[in-house]
Amino acid sequence: MKQLSTLLVAIVVLLASGCEQKSNEYNLVPYPQQLKAQQGSFTINESTIVSYQGSENSRFVAQAFADFIEPASGLQLQVEATEKGGLVKNTVCFIEDASLEGVEGSYQLVVTKDGILVKSNNPVGLFYGFQTIRQLMPAEVESKELVKNTDWTVPAVEITDAPNFSYRGLHLDVGRHFFPMDFIKKYIDLLALHKMNVFHWHLTEDQGWRLEIKKYPKLAEIAAFRDETLVGHLGVGERQYDGKRYGGYYTQEEAREIVQYAADRFITVIPEIELPGHAQAALAAYPELGCTGGPYEVANEWGVFKEVYCAGNEEVFTFLEDVLVEVMDIFPSKYIHIGGDECPKARWEECPKCKKRMQAEGCKDAHELQSYFIHRIEKFLNANGRDIIGWDEILEGGLAPNATVMSWRGIKGGEEAAKQGHNVIMTPNTHFYLDYYQNNPQKEPLAIGGYLTLSKVYSYNPMAGDLTAEEAKHIIGVQGNVWTEYMPESDYVEYMTYPRACAIAEVGWLDFSKRDYEAFARRLQIHFKRFDVMGVNYFDKVLMPSPSVDKVEFIDQAKLELFDNAIGAKLYYTSDGSIPTDKSTLYQSAITVKEECTIKAVAIDSRGRASDVLEVQAQKLSFIEGIAEPGENKGLACKLATGKFEKCSEVDEANGKRLVVTDVMIPSEAPHDNFGLSLEGVLSIEQDGLYQFALGSDDGSQLYLNDRLVIDNDGFHGMIYKKASLALKKGTYPVKVLFFEGGGGEGLRLEMMNVDGDKMQLSEYLSH
Ligand code: ACM
Ligand code: ZN
C-alpha cells in the first residue's frame with residue numbers, strides 16, 4: 001500500500017509538472033512571417049556540432065554562428081560539412097538548398113529538442129536564421145565574457161520567414177559629428193541583429209568631409225575639421241560657439257574595414273557623397289570649386305548653406321568624378337548616394353559660369369541646372385556600372401533616367417518617382433527621422449525638434465499611399481535617418497536610434513497585416529535585456545500620453561482625449577494643478593472641460609514607473625467681431641518681394657511686385673529661394689462659432705486677423721504647422737499672412753476647420 005501511494009504521488013507530481021511546463025516565448029524583433037510554437041527546447045552543449053552544406057558562404061555562416069556562441073558560453077563548437085539534408089541529433093545545421101523557393105533573406109528554421117535546422121536557398125537567409133536563433137537564446141549569449149551557470153537553450157519552434165522589402169536601411173550622418181570606428185561597427189552589429197541590410201553612410205557635409213581621398217589631400221587636412229561648433233539649438237537665442245577645433249575622417253583603409261565588417265554581416269554600405277549642395281567643407285579645401293572662388297570655411301553651425309559646387313565649372317566635374325572613382329574603389333555597392341537635397345540656387349543665379357551653362361544646356365531655370373548636374377553625375381556612375389540614389393529634390397527639374405529616389409519630405413516625392421517608374425526608398429521625416437524627440441521635449445536632452453514616438457514609427461505603412469499595385473512595386477524598401485547635428489556622442493546616437501530603429505526593422509520585414517504594436521512593445525521589453533548585455537544605450541522611459549489637441553480652447557465646453565503611448569500602462573489625470581499619481585482620476589474616456597484649467601496627465605506602467613507629466617491648458621475663448629467690409633474681388637492681394645529675409649516683419653516693410661492669389665499660397669511667379677510674401681484681404685465668416693486655423697510654412701510665416709497676430713510661425717525652419725483656435729462672430733475680418741523663404745525647401749498653407757474639425761475651402765471665404 002505504501003508503495004502504491006508513493007507511485008501515485010509520483011504520478012501526480014509528474015502530471016502537475018507536465019501541466020506547469022512553461023510555454024515557450026518568442027521575443028523576436030523583427031517578428032517572423034510565420035511562427036509555429038512548439039513544446040520543449042534544444043540545449044547547445046560542448047558536443048553540439050555546427051554543420052553546413054552549400055556554397056562557401058554556408059560554411060562562413062556556420063563558422064560565424066560557432067564564433068558568436070563562444071565568448072559567452074566558452075563552447076568551442078566543431079564546424080563541419082554535412083551530406084545530410086535534415087535535422088541531425090545535437091547539431092545546428094545550416095543548409096543552402098537551391099531548390100527551395102523564396103526571396104533573398106528567406107529561410108526556414110526548425111528547432112526540436114534534438115537539434116536545429118536552418119534552410120535557405122541563399123546564404124543571407126542562413127545568416128538571418130542564425131540571427132533568429134541568436135534572439136531565441138538567453139540574452140547572456142551576447143556577452144563578450146564567459147557567463148557561468150547558464151543553459152544555452154533554444155525554444156522549439158517552426159519558422160518560415162522572408163523580408164517584406166528588399167531594402168531595409170539605417171543611415172548615419174558622420175558629417176555633423178564624427179564617430180569612432182568601434183561605434184560604426186557596433187551600429188552595424190545592431191543592424192545585423194535586426195536583419196537590416198543597408199548601412200547608409202552619410203560621409204560629407206558642410207560641417208565636415210569624412211573620407212580620405214588620395215587625389216585631394218586637403219579634404220582630410222582642411223575639410224575634415226571645423227574651427228568650432230555651435231552651442232545649443234540653432235533656433236534659440238544668440239548664437240554661441242564652443243571655440244574648440246573639431247573633426248576627423250576615416251582613412252580609406254578604415255572605410256574598407258567597415259565595408260568588410262558589414263559584408264560579413266550581409267550588409268551593404270552605401271556611401272553618400274553630397275552634391276551639389278551641403279558641400280561647404282569641400283569648398284573650404286578647394287575654393288576654386290565654388291561659384292565665387294571663396295574663401296570658405298568649414299561650417300560651424302547647422303542649416304542649409306548657399307555655397308555649393310559651381311555647376312558651370314568643368315573642374316567641379318573633374319573633382320567629383322575623381323572623388324567618385326576612389327569611392328567606387330572602396331565601396332562595391334551597386335548604389336552610390338549622391339545627395340541632391342537642399343541645394344540653394346542663389347549663387348548659380350548670379351554666377352557667369354553657371355549662367356553660361358544654363359544657356360548652353362537650354363535650362364530654363366536653376367532647377368533644371370541642378371537636374372543637369374545630377375544627370376551628368378548619374379551618367380558617369382552608370383558608365384562605371386553603378387546606380388545613383390538621391391534625396392527627393394532630384395525630382396525637381398527632371399529626374400535622371402536610372403535614379404532611385406529617397407523620399408524624405410514625407411512620401412510625396414517617393415510616390416511621384418514611383419509613378420514615373422523609378423525605384424523608391426521611403427524614409428519620410430514624418431515617421432523615420434530619428435533625430436526628432438521621442439518623448440516630452442521639455443524633459444529630453446536637446447534634439448533638433450519634431451515629435452516622433454515609437455508607436456508612430458511602427459504605424460508606418462509604406463504601401464498606404466496613392467499608388468496602383470504596379471507603381472507600388474517600385475517601393476523597394478524603408479530606411480531610418482539619423483542626422484547628428486544635436487548628437488555629439490555615440491551614446492546619445494544610440495539613445496535616439498533605439499528602439500525606434502527596431503520598429504523600422506519590423507516595418508521593413510513583417511507584412512503590414514501581421515504587425516501588432518502592443519505585441520511588438522511587449523517583445524521589446526525582453527529584447528532590451530539583450531541590449532543591456534550588449535551595452536546599448538537605448539531609450540526606455542514610459543511614454544507620456546498624447547493629447548487630441550495641444551491646447552483645449554472652448555466657448556461653452558470641449559472634450560480632450562488622451563492616447564496611451566506606453567503599452568500596458570494606465571493613464572491618470574488631474575485638473576486642479578496637482579501632479580497626477582495612481583491615486584488621481586483614472587482616464588477612461590474623453591475628458592469634458594467646462595472651465596479654464598490645466599489638465600495634467602501621466603501614464604503609469606505595470607511596474608509602477610510613471611511617465612513625464614503631460615500638461616494641456618484649457619482656455620475659454622471670448623468672441624471676436626469682424627471689423628471689415630467684404631472685398632470686391634476673390635482671393636488676396638499679394639506682394640512678392642525678392643531678397644534675403646530672416647523674419648516676417650522684414651517682408652512687411654519691403655517693396656515688391658503686386659499680384660493676386662486665390663488662396664494662401666506661393667504664387668507661381670515666385671523664385672525658388674530668397675523671397676517674401678505679404679497676402680492681404682478679408683475673411684468672411686458666415687456663422688458664429690469656434691474655428692481652428694493651421695498655418696504651415698517652410699520657412700517662416702505669420703497670420704494676422706483683425707490686425708492682431710494670431711499665429712506666429714516665424715523663423716528659419718522646415719515645414720512646420722502652428723495652430724490657433726478663435727471664437728468668431730458672423731462678420732468680415734481683415735486678414736494678413738506674411739511669409740519668407742530663405743533657402744532649402746519651401747511651402748505655405750493655411751487650413752481652416754470648423755468646430756467639428758471639418759476642413760473648410762478657405763478660398764471661398766477670402767476676398768480683397
Ligand atoms: C535631408 O534630410 N536633408 C535629406
Ligand atoms: Zn557657378
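The chain is annotated in an unreviewed UniProt entry as beta-N-acetylhexosaminidase from Carboxylicivirga sediminis. In its Sequence similarities (unreviewed entry) section, UniProt records this for the chain: "Belongs to the glycosyl hydrolase 20 family." Comment text from UniProt for the chain, heading Catalytic activity (unreviewed entry), reads "Hydrolysis of terminal non-reducing N-acetyl-D-hexosamine residues in N-acetyl-beta-D-hexosaminides."

(A) Spatial organisation of the sheet that holds strand 6 (residues 116-120). Strand order in the open sheet formed by seven strands is 1-7-5-6-4-2-3, with mixed pairing between adjacent strands. One side of each edge strand has no neighbouring strand; the edge strands of this open sheet are strand 1 (34-44) and strand 3 (78-81). Here the strands of the sheet are splayed against their neighbours by 20° on average, with no regard to which way each runs. One ladder, built from five bridges, connects strand 5 (residues 107-111) with strand 7 (residues 152-161); its direction is antiparallel. Directly across from Tyr-107, in strand 7, lies its bridge partner Asp-161.

(B) Summary view of the coordination of the zinc ion (ligand 2). In this structure, Cys-291 (SG), Cys-310 (SG), Cys-351 (SG) and Cys-354 (SG) serve as the protein donors to the zinc ion (ligand 2), at separations of 2.3 to 2.4 Å. The coordination sphere of the zinc ion (ligand 2) comprises four donor atoms, whose angles at the metal cover 106 to 115°; the geometry is tetrahedral. Here the donor residues of the zinc ion (ligand 2) share one chain and are spaced in sequence as C-x18-C-x40-C-x2-C. Taken together, the residues Cys-291 in the loop between helix 7 (280-285) and helix 8 (314-330) and Cys-310 in the loop between helix 7 and helix 8 connect sequence positions 19 residues apart. Among the residues examined, Cys-310 registers a relative accessible area of 0% and is labelled buried.

(C) Representation of helix 10 (residues 352-361) within the structure. Within helix 10, the full set of buried residues consists of Cys-354, Arg-357 and Met-358. Projected down its long axis, helix 10 carries its buried residues within an arc of 100°, all on one side. Residues of helix 10 that are exposed and point more than 90 degrees away from the buried face comprise Pro-352, Lys-356, Gln-359 and Ala-360. If you follow the buried residues of helix 10, they end up packed against helix 8, helix 9 (346-350) and helix 11 (366-383). Remark: Gly-362 follows helix 10 within two positions and exhibits a positive phi of approximately 65°.

(D) Here's a closer look at the nonpolar core. If you look at the biggest cluster of nonpolar residues, it comprises 174 residues, and the most contacted ones within it are Phe-94, Phe-199, Trp-201, Leu-219 and Tyr-309. Leave out the neighbours within four places in its chain, and Trp-201 touches Leu-172, Val-174, Ile-184, Tyr-250, Ala-255, Ile-258, Val-269, Ile-270, Pro-271, Glu-272 and Phe-331.

Quick notes on the rules
- Residues numbered from 1 in each chain as written.
- Chains lettered and ligands numbered in written order.
- Predicted model: local features only at pLDDT ≥ 70, side-chain atom pairs only at ≥ 80, totals over all residues.
- Heavy atoms only, no water.
- UniProt positions renumbered as here; feature names shortened; annotations may be inferred.
- Pairing = 2+ DSSP bridges.
- Helix = DSSP H or I, 4+ residues; strand = E, 2+ residues; numbered from the N terminus.
- Axes fitted to C-alpha atoms, helices over the stretch in contact; angles between N-to-C directions.
- Donors = N, O, S within 2.8 Å, 3.2 Å for Na, K, Ca; no water.
- Tetrahedral: all angles 85-135°; square planar, octahedral: opposite > 155°, others 65-115°.
- Buried < 20%, exposed > 50% of the residue type's maximum accessible area, 1.4 Å probe, protein only.
- Arc of directions from axis to C-beta.
- Contact = heavy atoms within 4.5 Å.
- Core = buried A, V, L, I, M, F, W, Y, C linked by side-chain atoms within 4.5 Å.

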